[in-house]
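What follows is the residue order along each chain.
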Amino acid sequence: MDFAAAPTKASHRTTAFHGLVPQGAGTWQVESLHSYILALAHSHFLSANVFVREGLALASAADGLDALPTWGWDKGAGSTLMGVSDLAGSLSRRFAALTGREEVLLTTLAGLNGHTCGQELIHPRERVCTKCLQEDLDRGQLPYSRLLWRVSAVTACPLHRVRLKEAACGNQAGHSRASLFGRRRLSGSCGYCGSLGFRCICAPELPATENEVWVAQQVGTVIQALPKLQQTNPLVMKDAVRAYCGRTNGSVKLSERIGVPKSQVSRWLRRPEHRFSLPCLLDMCASEGFELARLLMGDLARTAWPSEVRPERQRRQFKYHDHRVIEEALQHAIDTGESISSVADQLGIDVSTLARHEELYARLRDRNQALNQQQHADSQRAAVAEAEQVVLALSRQGQTPTLRNASDTTGSRWYPSQLRAIALHALRMRMGATNLRPLTKMFNVGPDFLRLVDDAAARLLDLVDRKQLALFA
Amino acid sequence: MESKELLTHATDPMPQCVDTHLRGLSREKVLELDSATRLRWFFLLQTAHPELGRVTSALEELLMPDNETKIVSIIGMTGIGKTTLAHSLQRVLNAKFSAQAHASEMPVVYVPSPANGEKSLSWTGLYTRILEAGRETLIDKKRAQTVTGGALQVIRGGRATLTELRNFIEHMLKIRNVQVLIIDEVLHLLRFESYSAVMDTLKSLADAHSTKLVLIGSYDIAERMIEYGQVARRGEIIHYRRYLPGVINAAKLTDDQEAFRQQVAKFQAEWPCASVPNLLNIWGDLMKHSLGSIGMLKTHLLRLSSLQMTSRGEQLTLRHIHHFLKPPKAAAKILQETLSGEALLRGACYGDSPLSDEECVKMLDLLQAA
């Protein structure tokens, strides 16, 4: 060692955070960024919130980096940190810089930003495979949450072929206030009772279907291939699918098979910025025999999947209608007074299909409109008539015609929103009640209703005497 | 700027990037700068000399991994350059280990332990300084966690206890892969309590991750280091010696005198003023008043250069000569401590063999015989 020739440059600058390697790095079992952040906080003996909000800010400032938005980082169990969003990419790059571990970049799906959209991508709650967590403990390491388990489409563990369980604490004692003081969040352990490996979960273990295992395996291969996928141009996939449609029976048939509207498939193929969701891409693979990771790289080599593997989406049903039956139904409705929507319901078709029979549709529509107007006018007349009778009866009894008195007299509740109540209120105003204000609904009843009220008021003025009229003042 | 201000400015800690830049400048470039910067550059100047080479070789041998040495004490007289040596050691070890170390690792951690003004050792303060030196963040908010009955529990409320702080340090040493933990001015830790308890604690701390301890101090700690059993078993003392002035015979200089004289020549060659005094003409006086210590020599020359910079035309005056050397009583006190320290360390240091020279030669011959 030559101290006199000690390096003039600072040869080694240590990173701000401990250089933890994400567990399962390089494999399909890599931990999620949320899990990694919790583990990093655990390594620094800090609570996750303090670590992210204060520690990250301090470390970024010390290294001359801009502050990143961290408010709500934990929302949905950190669901914004693991998808294809800009925040996921920014945070993973920041933590990679502050820990010196490039592997952190592979703890999110940000590398698939150009291949798929964030819709239906990340599940908002933690789901775990308790067997995997137990194996972590048996290996002598802390259990951790896999990125695979946070993908919404994945509902099973491909290794143990069991369904994932929601991370819900089954330890009732763990919810008591006294034990809450001992909590610290760590991925793979219960946030309520602290049970490592979620051994507190009571839900039974359910076997996964072949389809579920297949989906998990497909997504697992994508996660493992993330380093390669990040370098791949997403347009290569679209070009390959476009060529595939050209060789087979076209994009329309493809859209039928995968259960996506043909306009969406067309838009996806034509527009570079348009992205399908991951479940949609999985349906394409299930239907056409592709491997998801290869599809994303533009390789459409087909594989014969087991028969249990099928797309999740319902295939679109294209019905062929007998229009003679529709015409007869419309004519029948005109005669009997049925509504357009009830005809559509009975035939199991859309209203727009009925409208294709323009003349009959218009006749039915006009007839129903006239009927509705007649019913409306009748109900207004009945309401005014009832109010008129109640007002006359109350005034002859020497009672003020209020809604309460009307309720008592008729034995049914009079509410201000009812037409008869509006009529009664309007009658009182017409007959000299100066302390009343118009009800809001009175402005919506229309001039015909008010004309009826005026006529009723005129009749009542002839029937009541001066003493009874004083009740309205 | 007054001479005192110049000296303060030159010796205060500066941003590392500034010092790094200054170290790389040649004398010609430095002479164009202002006086404060020139003095800072002279302060940062480090020259190799035989004693420094001997100490560094010894450190290199003792700090090799996988040997039994756990504690290395570097003891020398006041002002000889131990802290400067420690900083250089940190840079050199970092450069050596960084080739294999990951960016998150910290091969060397340097911890100063200044006097805290209290009547007893503050373990919390020491542990906190170690954590800060290890680049730990938010130390006051750390709390330890335990696993009890398969459940993760955290200790909440208040501040971390000593046990927790210790756990944090052990974890930091392990996760940062610290190879060497340097504690400077270790006297401030040992003078309060039972020093063996302090040493035991420090040693077990380092044992957590097979980290080697390097303790730096003046002769005040020599006796404690000699008597501490663990140092005897698993440690070594490196004596950072001064060059013995002796009687100067111009015709035949001793090795120490020649080495010191060459150092004076080096400092003269790097003088931070345009007008260079002929230091070689007074090298003997400089050696005598510096007690043979290169560190003290540099202290004297720093003062001389700062006085020169404050004069008109940067010319030396008689007043400067009156003021640049240490007062005689101070020098006498340092000499007294040095002599007793040297006597104490004789036969106790790395390289002090129980065999005579002849016995060593004989043993070597036997070892090399077929």
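Look above for the structure.
Residues numbered from 1 in each chain as written. Chains lettered and ligands numbered in written order. Predicted model: local features only at pLDDT ≥ 70, side-chain atom pairs only at ≥ 80, totals over all residues. Heavy atoms only, no water.

**Section: the overall build of chain A**
(1) Moving on: Within chain A, the secondary structure is distributed over 21 helices and 4 strands.
(2) Moving on: For 473 residues, the compact-globule estimate of 2.2 N^0.38 gives 23 Å, and the C-alpha radius of gyration of chain A, at 35 Å, exceeds that figure by more than 25%.
(3) Moving on: For the C-alpha atoms alone, the extent of chain A along its principal axes is close to 120 × 65 × 50 Å.
(4) Moving on: Scored against the burial criterion, the 473 residues of chain A give a buried share of 45%.
(5) Moving on: Within chain A, contacts between residues separated by at least 24 positions form 69% of all contacts whose residues are at least 6 apart in sequence.
(6) Moving on: Total accessible area on chain A is roughly 23,200 Å²; 51% of this is exposed by carbon and sulfur atoms.
(7) Moving on: Charge-centre separation for chain A: the mean point of 57 positive side chains lies 3 Å from the mean point of 46 negative side chains. (Helix = DSSP H or I, 4+ residues; strand = E, 2+ residues; numbered from the N terminus. Rg over C-alpha atoms; globule rule 2.2 N^0.38 Å. Buried < 20%, exposed > 50% of the residue type's maximum accessible area, 1.4 Å probe, protein only. Contact = heavy atoms within 4.5 Å. Areas by Shrake-Rupley, 256 points an atom, 1.4 Å probe, with all protein chains shown as cover. Lys, Arg positive; Asp, Glu negative; His and termini not counted. Charge placed at Lys NZ, Arg CZ, Asp CG, Glu CD.)

**Considering the sheet that holds strand E6 (residues 212–217) of chain B**
Residue and element names in this part refer to chain B.
(1) Moving on: Reading across from one edge, E2-E5-E6-E1-E7 is the order of the 5 strands in this open sheet, with parallel pairing throughout. Two strands lie at the open edges of the sheet, namely strand E2 (108–112) and strand E7 (235–240), each paired on one side alone. When the angles between neighbouring strand axes are averaged without regard to direction, this sheet yields 15 degrees.
(2) Moving on: Judged from the 5 bridges that link them, strand E1 (residues 71–76) and E6 form a sheet pairing that is parallel. When the sheet's bridge partners are listed, Ile 74 is paired in E6 with Ile 216.
(3) Moving on: Relative to E2, helix H6 (residues 82–98) is tilted by about 160 degrees, and along the sheet it contacts E1, E2, strand E5 (180–184), E6 and E7. (Pairing = 2+ DSSP bridges. Axes fitted to C-alpha atoms, helices over the stretch in contact; angles between N-to-C directions.)

**What to know about the nonpolar core**
(1) Moving on: Ile 182 and Val 214 of chain B are the most contacted members of the largest nonpolar core, which has 68 residues in total.
(2) Moving on: Listed in part, the 61 residues of the second largest apolar core include Leu 226, Trp 268, Leu 282 and Leu 296 of chain A. (Core = buried A, V, L, I, M, F, W, Y, C linked by side-chain atoms within 4.5 Å.)

**Thoughts on the interface of chain B and chain A**
(1) Moving on: Listed per partner, the contact involves 47 residues of chain B and 44 residues of chain A.
(2) Moving on: Interface area for chain B against chain A, summed over the two sides, is near 4,000 Å², with a carbon-plus-sulfur share of 60%.
(3) Moving on: Considering only the side of chain B, the residues that lose the most area to chain A are Arg 135, Gln 145 and Leu 152 of chain B, jointly responsible for 18% of the buried surface there.
(4) Moving on: At the boundary of chain B and chain A, one finds 2 salt bridges. (Buried area = accessible area lost by both parts, 1.4 Å probe. Salt bridge = Lys/Arg side-chain N within 4 Å of Asp/Glu carboxyl O.)

**Observations concerning the side chain of Gln 268 of chain B**
Residues and elements named next belong to chain B.
(1) Moving on: The residue Gln 268 is located in helix H13 (residues 255–269) in this model.
(2) Moving on: Among the residues examined, Gln 268 registers a relative accessible area of 17% and is labelled buried.
(3) Moving on: Setting aside residues up to four positions removed in sequence, Gln 268 forms contacts with Val 276, Pro 277, Asn 278, Leu 279 and Leu 280.

**A word on the side chain of Gln 145 of chain B**
(1) Moving on: Mapped onto the secondary structure, Gln 145 of chain B falls in strand E3 (residues 145–148).
(2) Moving on: Its relative accessible area of 13% is what places Gln 145 of chain B among the buried residues.
(3) Moving on: Separated by 3.0 Å, the side chain of Gln 145 of chain B and the backbone oxygen of His 42 of chain A make a polar contact. (Polar contact = N/O pair within 3.5 Å; in protein donor to acceptor, adjacent residues only side chain to side chain.)

**What to know about helix H1 (residues 3–11) of chain B**
Residue and element names in this part refer to chain B.
(1) Moving on: Buried within H1 we find Ser 3, Leu 6 and Ala 10. Angular distribution of buried residues about the axis of H1 spans 60 degrees; they occupy a single face of the element.
(2) Moving on: Next to the buried residues of H1 lie helix H4 (35–44) and helix H15 (294–310). (Arc of directions from axis to C-beta.)

**As for the packing of helix H10 (residues 250–258) of chain A against helix H11 (residues 262–270) of chain A**
Any two packed helices are characterised by the angle at which their axes cross and by the distance between the axes.
Residue and element names in this part refer to chain A.
(1) Moving on: Two elements in contact, H10 and H11, have axes whose closest approach is 8 Å; the angle formed by their N-to-C orientations is 120 degrees. Between H10 and H11, the interaxial angle falls into the category oblique. In this structure, the crossing between H10 and H11 has a hand that is right-handed. Contact with H10, carried on its side by Ser 251, Val 252, Leu 254, Ser 255 and Ile 258, involves Lys 262, Val 265 and Leu 269 of H11 and no other residues of that element.
(2) Moving on: Residues of the contact of H10 with H11, tallied by class, amount to 5 nonpolar, 2 polar and 1 charged. (Parallel < 35°, antiparallel > 145°, perpendicular 65-115°, else oblique. Left-handed = near helix turned anticlockwise from the far one by under 90°. Nonpolar A, V, L, I, M, F, W, Y, C, P; charged D, E, K, R; others polar.)

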